[in-house]
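# Commentary on secondary and tertiary structure
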2 protein chains.
Amino acid sequence: MANRIIGTTPKQDMYRMPAEYEPQRRIYMIWPQRTDNWRAGAKPAQEAYTNVAKAISEFTPVTMLTNSNQFVNARNRLPADIKVVEMSSNDAWVRDCGPTFLINDKGKLRACDWKFNAWGGLVDGLYFPWDADDTLAEKVCELEDADSYRLDNFILEGGSFHVDGQGTVLTTEMCLLSEGRNSHLSKEEIENYLCNYLNCDKVLWLKDGIDPNETNGHVDDVACFVRPGEVACIYTDDENDPFYGVAQANYEALLNMRDAKGRKLKVHKVCTTAKPVLLKGAETIDIVEGTIPRRNGEMCIASYLNFLITNGGVIVPQYDDENDELAISQLREIFPDKKVVGVRTKEIVYGGGNIHCITQQVPET
Amino acid sequence: MANRIIGTTPKQDMYRMPAEYEPQRRIYMIWPQRTDNWRAGAKPAQEAYTNVAKAISEFTPVTMLTNSNQFVNARNRLPADIKVVEMSSNDAWVRDCGPTFLINDKGKLRACDWKFNAWGGLVDGLYFPWDADDTLAEKVCELEDADSYRLDNFILEGGSFHVDGQGTVLTTEMCLLSEGRNSHLSKEEIENYLCNYLNCDKVLWLKDGIDPNETNGHVDDVACFVRPGEVACIYTDDENDPFYGVAQANYEALLNMRDAKGRKLKVHKVCTTAKPVLLKGAETIDIVEGTIPRRNGEMCIASYLNFLITNGGVIVPQYDDENDELAISQLREIFPDKKVVGVRTKEIVYGGGNIHCITQQVPET
C-alpha cells in the first residue's frame, strides 16, 4: 500500500531522513545496459556492478532493478541471494533517481520522490529522455509499501546531499544552484525545501564539487558524514592533482563549520588517486544524438569518497592505483567498528559515477 | 532470494499445490492494455479489472502487474491499497502465464514455472510473441522470494487444471492433449508431470471444455473443486444452450468419478447464462497481423464457473443476464461460510476470459 501524501511535509509529519550509518534494511541498485554510456556493450560495467552487489550483500540484502530486456541476463549473472526485479530506467544511477527514504519513531517508512531531470534537463542534462528514471522512485515506493512525497517543483538527486541524521544537510552550491535544476528558486527557498523534506535545521554549503560537467558537483564525490559531528573529505597536498583546488577549499571550509547541534566538525582526510583515471575503450561506446561523444584519455571522476556505508560494512572504490591501499587504511581508521571492503570499480567511473551513485538504502524502521 | 531448483520434483521435495479454498496471502493480476484484444483502447476492460481487484481486496491483498507504459495510468486508476508493480507481459492472464505456487508443511513457498506458449504456440496460439508472458512467472517468484521449478519441456496454463489439495487434479483432454501444447508426450507422461509437479496421485479427466478455439477447453470455465470431495460444474437442461452438450457430459462424468482419497464426488450444479453473451464494439479493436479479427455478434465464453475463491470471499462473474442472481444464489448454497460477491465482467469475456483467468493466488505458508 503506497499513497502520495499531499499538503504536508516530512518535517510536519515527524519523518526524517536517517544518516547512511544508521541501520539499513535493503540496498537498491539498477543494472547498467546503455551502450551509449557504458563501453563494450556494458558487459564490463555489469561485472563491476555484480561485484559491488556481492560485496554489499555480505552486510545488507540487495535488490537489482533491471529493464525488461535485461532481466534474464541479470538474473543469470547475479547470485541467487540478490533479488532481481523488473523496473524500467534510462540508466543505472539509483542514488540520483531513486527515492530518498524517511522514517519516523513509530517504525514507519516514507520517502521523498524528488523530480529528476538527468542532472540538468535541457540546460546541461546528460541524456534525453529521462522519463523512466523519473518514475522509478514511485515504483520502488510501491515495492516497499512506502507512502511518498512527490516534489513536482523541486529537482534534486540523492547524490547531491548528505545528512547526519541529527538535523544537518551537507551539499554544494555548484549543484544545487545550477541553472539546469531549480533556477526558479532562491538559495533560501532551496534551503527550505531541504530542511522541510529531509527534516533538518541547518544546511552546510560547500562551494564546488569535482565534476562540473557531469553531476555539476555532487557532494558525494567530495565529502560525507561518517558519524554525528564528523565528516570525511577528499584531500591532497599535490598542487598538480586535478582535484587539488576543490579538495583544499572544501577541507578548509568544513574545518570552520558547525552542525545543526552546534558541534564544530571533525574532518577526516581521504586521499585522492595518485594518478588520474583516464577513459579507455571509448571506441566501443555507441555514438548517438543527444549524448556527448566520449574520447579516450578523458579524465574520469575517480574519488575514494564515493563509498557506501551499509550496516557493518563500508564498500570502497578501488582503481588499480598506488593509493588504493592508503584509501582503505584511512577509511579503516575512520570506521574502526566496520569492515572496509574495496571493490575495483574503474568500469563504473568510466560511465560517470561510483559505488555511492549506484546504490540507494532503505533504512530499518 | 529465489533459486531455480534442478533435478528434483515438488513431490520428491514434499511440496504440494494447495487448493484455492485454502488460505491465501495475496492475489496477483495483470493490467489489460492490448488494443488488438480489448475494445475501446482497453479502457472498459481496465475498469472491469479495477472492479475485480477492489472486490478481491476486501478479502485478500492484491498486486496489479503492469507494463511500463501503463504504470502511471494503472496507479492512478486503482485504489492505494492495491499494490502496482511494473512487470512486462504480452496480455493480462496471470492464471495462465503466472506461477503455480506450492507450499510445504514447514511454512516454505515454492512455485512451478510452466512453459507458456499463448494457448497453442504456432499451431493455434492466440498471439505472437509471448516471451514476456513466459518470463513473468520467474519475475513473480523473485518478488515472492520463492524458489521455482522451471518446466522447459512441459507446456501448461494454470486455468487448465484444478486441484483439491488432497492429491487430485481435475483437467480436460481437449486442452492437455491438444496438438499445440505437449504433442511430444503421451497421456501417461502428461499425468506424470501433473502428479509429480502438483504433488498429486490421481488425475480426473473431463473430455471437453466450452472454448475449443481459445484456450482449447480450460477446465476453469466448466468445473472446479469447492471443498475436498465436492465439485461445482456448469449445468443446463436447455438443449439450445450452446454449452448444453459439454455441460451434460461433464456433469455425468463427474458423478461417476472418485478422487485420490477414494471419495465419490458430490457434484453441485452452476447455471449457465439464459442468453449467450455476444461481442459488441468489435470495430474499436485494432486489427493486426497474427491476431484473428473479431466480429460483432461472436459468442463470448461467459461462464459463471470462472469465479475465484479467495479466503472468505467468492468473486463471481455477472453478465447483466437474467440468470445472474440464480448463479449467485447457487454459489451461496455451495459456499455457506463465504461471502459471494458478483462483479460485472462482460468486458473481460469480450477479451476471452474471466475472473479466474485474470487472477493467481499466493497461498499462505
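Report follows, based on the coordinates. (Residues numbered from 1 in each chain as written. Chains lettered and ligands numbered in written order. Predicted model: local features only at pLDDT ≥ 70, side-chain atom pairs only at ≥ 80, totals over all residues. Heavy atoms only, no water.)

## Here we look at the overall build of chain A
- Helix and strand content of chain A: 12 helices and 16 strands.
- For chain A, the C-alpha radius of gyration of 19 Å lies close to 21 Å, the compact-globule estimate for 365 residues.
- Taken over the C-alpha atoms alone, chain A extends approximately 50 × 45 × 40 Å along its principal axes.
- Across the 365 residues that make up chain A, the buried fraction comes to 63%. (Helix = DSSP H or I, 4+ residues; strand = E, 2+ residues; numbered from the N terminus. Rg over C-alpha atoms; globule rule 2.2 N^0.38 Å. Buried < 20%, exposed > 50% of the residue type's maximum accessible area, 1.4 Å probe, protein only.)

## As for the interface of chain B and chain A
- With 22 residues of chain B at the interface, the matching set in chain A holds 22 residues.
- Both faces considered, chain B and chain A share a buried interface measuring about 1,900 Å² in area, 53% of it formed by carbon and sulfur atoms.
- Considering only the surface of chain B that becomes buried against chain A, B:K83, B:E86 and B:E142 emerge as the three largest contributors, covering 30% of it.
- Here chain B and chain A share 6 salt bridges between them.
- Only helix 3 (71–77), strand 3 (83–86) and helix 6 (131–143) of chain B provide two or more residues apiece to the side of chain B that touches chain A.
- Looking at the side of chain B that touches chain A element by element, the count peaks at 5 residues for helix 6 of chain B.
- Grouping the amino acids of the side of chain B that touches chain A by side-chain chemistry returns 10 nonpolar, 4 polar and 8 charged. (Contact = heavy atoms within 4.5 Å. Buried area = accessible area lost by both parts, 1.4 Å probe. Salt bridge = Lys/Arg side-chain N within 4 Å of Asp/Glu carboxyl O. Nonpolar A, V, L, I, M, F, W, Y, C, P; charged D, E, K, R; others polar.)

## Brief notes about the environment of B:A74
- Mapping B:A74 onto the fold places it in helix 3.
- B:A74 has contacts with B:W31, B:T66 and B:V84, leaving out every residue within four places of it along the chain.

## A closer look at the pattern of salt bridges
- In this structure the tally under the stated criterion is 42 salt bridges over all chains.
- Note that A:K11 is salt-bridged to A:D201, the shortest N-O span being 3.2 Å. Of the two residues, A:K11 is situated in helix 1 (residues 10–13) and A:D201 in the loop between helix 9 (187–198) and strand 9 (202–206); the sequence distance between them amounts to 190 residues.
- Under the relative-accessibility criterion, A:K11 is labelled partly exposed at 28%.
- Judged by relative accessible area, A:D201 falls into the exposed class, the value being 58%.
- Here B:R4 ties to B:E138 by a salt bridge, and the two come within 3.1 Å at their closest N and O atoms.

## Here's the deal with the sheet that holds strand 11 (residues 230–235) of chain B
Residue and element names in this part refer to chain B.
- Across the sheet, which stays open at both edges, the 3 strands sit in the order 10-11-12 with mixed pairing between neighbours. The open sheet has two free edges, formed respectively by strand 10 (223–227) and strand 12 (266–271), since each of these has just one partner strand. Taken pair by pair, the neighbouring strands of this sheet meet at an average axis angle of 35 degrees, ignoring direction.
- Where strand 11 lies against strand 12, 6 bridges are found, and the strand directions are parallel. (Pairing = 2+ DSSP bridges. Axes fitted to C-alpha atoms, helices over the stretch in contact; angles between N-to-C directions.)

## Focus: helix 2 (residues 43–57) of chain B
All names here are of chain B.
- Counted at 1.5 Å a residue, the expected span for helix 2 with its 15 residues is 21 Å, and the 21 Å between its end C-alpha atoms agrees.
- Counting buried positions along helix 2 gives 11 out of 15 residues, so the element sits mostly inside the fold.
- Taken together, the buried positions of helix 2 are P44, A45, Q46, A48, Y49, T50, V52, A53, A55, I56 and S57. (Expected span 1.5 Å × (residues − 1).)

## A look at the side chain of A:T345
Residue and element names in this part refer to chain A.
- When you line up the elements, T345 lands in the loop between strand 15 (339–344) and helix 12 (346–350).
- On the basis of relative accessible area, T345 is assigned to the buried category, the value being 0%.
- Apart from the residues lying within four places of it in its own chain, the contact partners of T345 are V52, P317, Q318, Y319, N354 and I355.

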